[in-house]
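Structural overview
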Amino acid sequence: MTMQSRQNADLGVTRGQQIIASGTGAVLSTLLAKQHYNRGGHFNGVLDAILKISRTEGITKLYSGLIPTLVMFVPSTILYLTAYDQLKYVMGYKYETSSTFVPVVAGCIAKVYAVSIINPLELIRTKMLSQPLTFKEIYGCVRTAVQDGGVLSLWRGWGPTVLRDAPFACIMWFNFEILKARLMKAFHQEEVTFPVSFASAAIAGVIAAFFTNPFDVVKTHRQIELGEMDALKDKKKHPSSTWLIMRRIYTQSGMRGLYSGFAPRVGRITPALAIMLSSYEVGKVFFKQYNEKHPR
């Protein structure tokens, strides 16, 4: 049996079906989580926010900035989730019998791979969020960035992003696979269900967010400093090293500084991650059952 056929046999779905399932999860999580996170005002829960924004600003305002977010999130999610599953089964992962080391390694590699491929789109997303641009204007922005800073300028911020996202992926997948297997066993399930995967992803996301929040704070500070240096044309104003920024934050504000914004981050990450992974898992189950009923 070839490597590709063995992978497909283990997964029970084709790569095309994986892409559909992961893309659907990415779109759903974006649509359901986007509408109120970066808005001001006082809301009593998600439903209250949706109703108030709809009345005062219109339905379309709920999804302002949606296209730039999808430009980044959908391709990144497809690459990330499909790479993770393929790597996991290449490494021979089996539920309840394989080492928990496998999801950690597969998750880390998949996240670094996805970030490396998608990172140049961050420039496009930032420009699209700042002002409406045509495709010609977006191309001009990318060309200017390459001319001024070289091709590698498109990967600016890659280091802090990987330092935040790779550990998050390791911790999240480690806990997600354990929780999912235990809940499936506790409820005597042969296939994962939406509630099981949703609960597993939500809990795993909170744990991972706690341990990686300092890197998210550093990434935010670094983006602010880079913006200030670009505005002032001063490339020596602040050191750009991740570890130096982390040390400066700790010196100035202590652990509280490194965990600033933790609650909003958890509130943003947890539902989005839970919706994304549960949609993906249920999508794989659907396609697996379809393939069993309609063998080729």
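In what follows, the structure referred to is the one given above.
Structural notes, computed from the coordinates. It should be emphasised that the depicted structure is a prediction, and the values quoted were computed from it without experimental measurement. Note that residues are indexed from 1 along each chain, following the sequence as it is written. The predicted origin of the model limits local features to residues at a pLDDT of at least 70 and limits the giving and counting of side-chain atom pairs to 80 or more, whereas totals for whole chains, interfaces and linings rest on all residues. Here the side-chain values reflect all heavy atoms present in the structure, with hydrogen atoms and water set aside.

Describing the packing of aromatic side chains
Only rings of Phe, Tyr and Trp enter the pairing, Trp through its six-membered ring, and a pair is recorded when the two centres are within 6.5 Å. The plane angle decides the type: under 30 degrees is stacked, over 60 is edge-to-face, the rest tilted. Under the defined criterion, the tally for this structure stands at nine aromatic pairs. Consider the rings of Tyr-259 and Phe-262, whose centres lie 6.2 Å apart with planes at 70°: the pair is edge-to-face. Relative accessible area decides the class of each residue, using a 1.4 Å probe on protein chains only: under 20% of the type maximum gives buried, over 50% gives exposed, and in between gives partly exposed. Given a relative accessible area of 23%, Tyr-259 falls into the partly exposed group. Among the aromatic residues, those joined into a cluster by ring pairs are Tyr-80, Tyr-84, Trp-173 and Phe-176.

Re the nonpolar core
Think of a nonpolar core as a cluster: buried Ala, Val, Leu, Ile, Met, Phe, Trp, Tyr and Cys residues, connected wherever their side-chain atoms sit within 4.5 Å. Within the largest apolar cluster, 29 residues are counted, with the highest numbers of intra-cluster contacts made by Tyr-80, Met-172, Trp-173, Leu-273 and Leu-277. Breaking this core down by element, the ones donating at least two residues are helix H4 (66-90), helix H5 (101-118), helix H8 (158-186), helix H9 (194-232) and helix H11 (262-293). When residues in this core are grouped by element, the largest group, eight residues, is from H11. In this structure Tyr-80 touches Gly-107, Ala-110, Lys-111, Ala-114, Ala-169, Met-172 and Trp-173, once residues within four positions along its chain are discounted. Strands here are runs of E lasting at least two residues and helices are runs of H or I lasting at least four, both read from the DSSP assignment and numbered beginning at the N terminus. Any pair of residues with heavy atoms lying within 4.5 Å of one another is described as a contacting pair.

Focus: a nonpolar patch on the surface
A contiguous nonpolar surface patch, about 420 Å² in accessible area, is contributed by Val-151, Leu-152, Trp-155 and Trp-158. The topology assignment puts Leu-152 in the loop between helix H7 (135-149) and H8. Looking at Leu-152, the relative accessible area reads 71%, which means it is exposed. Think of a patch as exposed residues, more than 30% relative accessible area, with no salt bridge, where like charges cluster within 9 Å and nonpolar side chains (Val, Leu, Ile, Met, Phe, Trp, Tyr) cluster within 5 Å. In these tables, accessible area is a Shrake-Rupley quantity obtained with a 1.4 Å probe, and a residue counts as shielded only by the protein chains included in the view. Think of a salt bridge as a Lys or Arg side-chain nitrogen and an Asp or Glu carboxyl oxygen that are within 4 Å of each other.

Concerning the environment of Ile-245
Here Ile-245 is to be found in helix H10 (residues 242-258). Along the sequence, Ile-245 and Lys-219 sit 26 residues apart, while their C-alpha atoms lie 9.1 Å from each other.

Notes on the pattern of salt bridges
Within the structure shown, the criterion is met by 10 salt bridges. In this structure, the salt-bridge partner of Lys-288 is Glu-191, at a minimum N-O distance of 3.5 Å. Residue Lys-288 is found in helix H11, and its partner Glu-191 is found in the loop between H8 and H9; the two are separated by 97 residues along the sequence. Overall, the relative accessible area of 25% leaves Lys-288 in the partly exposed class. Under the relative-accessibility criterion, Glu-191 is labelled partly exposed at 27%. A salt bridge links Arg-265 to Asp-216, with the nearest nitrogen and oxygen atoms 3.8 Å apart. With Arg-265 in helix H11 and Asp-216 in helix H9, this residue pair connects regions lying 49 residues apart in the sequence. With relative accessibility at 4%, the residue Arg-265 sits in the buried group. Each of Asp-85, Lys-88, Glu-177, Lys-180, Glu-281 and Lys-284 takes part in salt bridges that share partners, so that together they form one network.

Observations regarding the packing of H8 against H11
Where H8 contacts H11, the two axes come as close as 13 Å, and the packing angle between them is 55°. One finds that H8 runs oblique with respect to H11. The two elements H8 and H11 meet at a crossing, and its hand is right-handed. Contacts from Arg-164, Phe-168, Met-172, Trp-173, Phe-176 and Lys-180 in H8 reach Arg-265, Ile-269, Leu-273, Leu-277 and Glu-281 in H11. Convention adopted: a line fitted to C-alpha atoms gives each axis, helices being fitted over their contacting stretch, and angles between N-to-C directions are expressed from 0 to 180 degrees. Oblique is the label for every angle not falling under 35 degrees (roughly parallel), over 145 degrees (roughly antiparallel), or within 65 to 115 degrees (roughly perpendicular). When the near helix sits turned anticlockwise from the far one by under a right angle, the crossing is termed left-handed; a clockwise turn instead gives a right-handed crossing.

Re unusual backbone geometry
The phi dihedral of His-188 is positive, around 55°, even though this residue is not glycine. Relative to the helices and strands, His-188 resides in the loop between H8 and H9.

Some details on the state of the cysteines
Cysteine sulfur pairs qualify as disulfides if the two atoms are within 2.5 Å. The tally for this structure, following the rule as stated, stands at zero disulfides. Free of any disulfide, Cys-108 has its nearest cysteine sulfur in Cys-170, 4.0 Å distant. Residue classification places Cys-108 among the partly exposed residues on the basis of a relative accessible area of 26%.

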